[in-house]
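# Examination of the molecular architecture
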Amino acid sequence: MASIISGTSADLLKEIMLRCRGVLQAEYAQLPYDRRGRQVQPIHDEIVFALPVEGCAQVIPKLYRCFTDWPMFEERGVPIRASASLTTTTWEDKKEINVYPDGSFGWKK
C-alpha cells in the first residue's frame, strides 16, 4: 500500500512541476532571463520558487492552482490540498499564506 501512495505522490509532484513550468514560462517570457521567476528545487513534497517581487501577486495564485486543481480526484471525493508560504528574505523566515478562490492571497493568522 505504501508504494502505491508514494508512487502516486511522486507522479503528482512531477506533473505539478511541469504545470508550474508552463505558468512561469507564460508569465515571465517577456522579462530578461535573469529576472524571470523559476523553480529552484523540489524538497520532498515542496517546491521552492524564486519569483521577482513585481508581478508575483498574479503568479502565486496560478502556481497554487497547479498544486490543487485535480478534478479527476475531486470527482471521486479525494480533494488535493496544498499550503503556500512566502518570504522576501530567507527560507527560514517564510510565513504561511492563504490563497483564495478569487485569486487573491493574504498572510495566515
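A brief structural summary. (Residues numbered from 1 in each chain as written. Predicted model: local features only at pLDDT ≥ 70, side-chain atom pairs only at ≥ 80, totals over all residues. Heavy atoms only, no water.)

Once that is clear, we can look at the overall build of the chain. Of the regular secondary structure elements, the chain holds three helices and five strands. Considered along the principal axes of its C-alpha atoms, the chain spans approximately 45 × 35 × 30 Å. Considering only residue pairs separated by 6 or more positions, the chain has 38% of its internal contacts joining residues 24 or more positions apart. In the structure as shown, the chain presents an accessible area of about 7900 Å², 55% of it carried by carbon and sulfur atoms. Computing the positive centroid from 14 side-chain charges and the negative centroid from 14, the chain places the two 2 Å apart. (Helix = DSSP H or I, 4+ residues; strand = E, 2+ residues; numbered from the N terminus. Contact = heavy atoms within 4.5 Å. Areas by Shrake-Rupley, 256 points an atom, 1.4 Å probe, with all protein chains shown as cover. Lys, Arg positive; Asp, Glu negative; His and termini not counted. Charge placed at Lys NZ, Arg CZ, Asp CG, Glu CD.)

Per the stated rule, a full pass over the model turns up six salt bridges. We note a salt bridge from Asp-11 to Lys-14, for which the minimum N-O separation is 3.5 Å. Of this pair, Asp-11 and Lys-14 both sit in helix H1 (residues 2–28), three residues apart, which is roughly one turn of that helix. When its relative accessible area of 49% is taken as the criterion, Lys-14 is described as partly exposed. When the shortest N-O distance is used, the salt bridge between Glu-15 and Arg-19 registers 3.6 Å. Here Glu-15 pairs with Arg-19, and both are found in helix H1, just four residues apart, close to one helical turn. Exposure remark for Glu-15: the relative accessible area of 33% places this residue in the partly exposed category. (Salt bridge = Lys/Arg side-chain N within 4 Å of Asp/Glu carboxyl O. Buried < 20%, exposed > 50% of the residue type's maximum accessible area, 1.4 Å probe, protein only.)

Quick look at the packing of H1 against helix H2 (residues 56–68) now. When two helices pack together, you describe them by how their axes are tilted relative to each other and by the distance separating the axes. As a packed pair, H1 and H2 sit with axes 9 Å apart at the nearest point and diverge in direction by 160°. As judged from the angle between their axes, H1 and H2 are roughly antiparallel. Like other packed secondary-structure pairs, H1 and H2 cross with a definite hand, here right-handed. On the side of H1, the interface is formed by Ile-16, Arg-19, Cys-20, Val-23, Leu-24, Glu-27 and Tyr-28, while H2 contributes Cys-56, Val-59, Lys-62, Leu-63, Arg-65, Cys-66 and Phe-67. Taken together, the residues of the contact of H1 with H2 break down into 10 nonpolar, no polar and four charged. (Axes fitted to C-alpha atoms, helices over the stretch in contact; angles between N-to-C directions. Parallel < 35°, antiparallel > 145°, perpendicular 65-115°, else oblique. Left-handed = near helix turned anticlockwise from the far one by under 90°. Nonpolar A, V, L, I, M, F, W, Y, C, P; charged D, E, K, R; others polar.)

Another aspect to go through is the nonpolar core. Residues Ile-16, Cys-20, Val-59 and Leu-63 are the most contacted members of the largest nonpolar core, which totals 15 residues. A per-element tally of this core places H1 first, with seven residues. Residue contacts for Val-59: discarding those within four places in its chain leaves Val-23, Leu-24, Glu-27, Tyr-28 and Leu-51. Of all hydrophobic cores here, the second largest spans six residues; its members include Cys-56, Ile-60, Ala-84 and Ile-97. (Core = buried A, V, L, I, M, F, W, Y, C linked by side-chain atoms within 4.5 Å.)

When the terminal C-alpha atoms of H1 are compared, their 38 Å separation across 27 residues agrees well with the 39 Å that a helix rising 1.5 Å per residue should span. Among the structural elements, strand E1 (38–43), strand E2 (46–50), H2 and helix H3 (71–74) are those in contact with the buried residues of H1. (Expected span 1.5 Å × (residues − 1).)

Any functional reading would require information that these geometric values do not contain.
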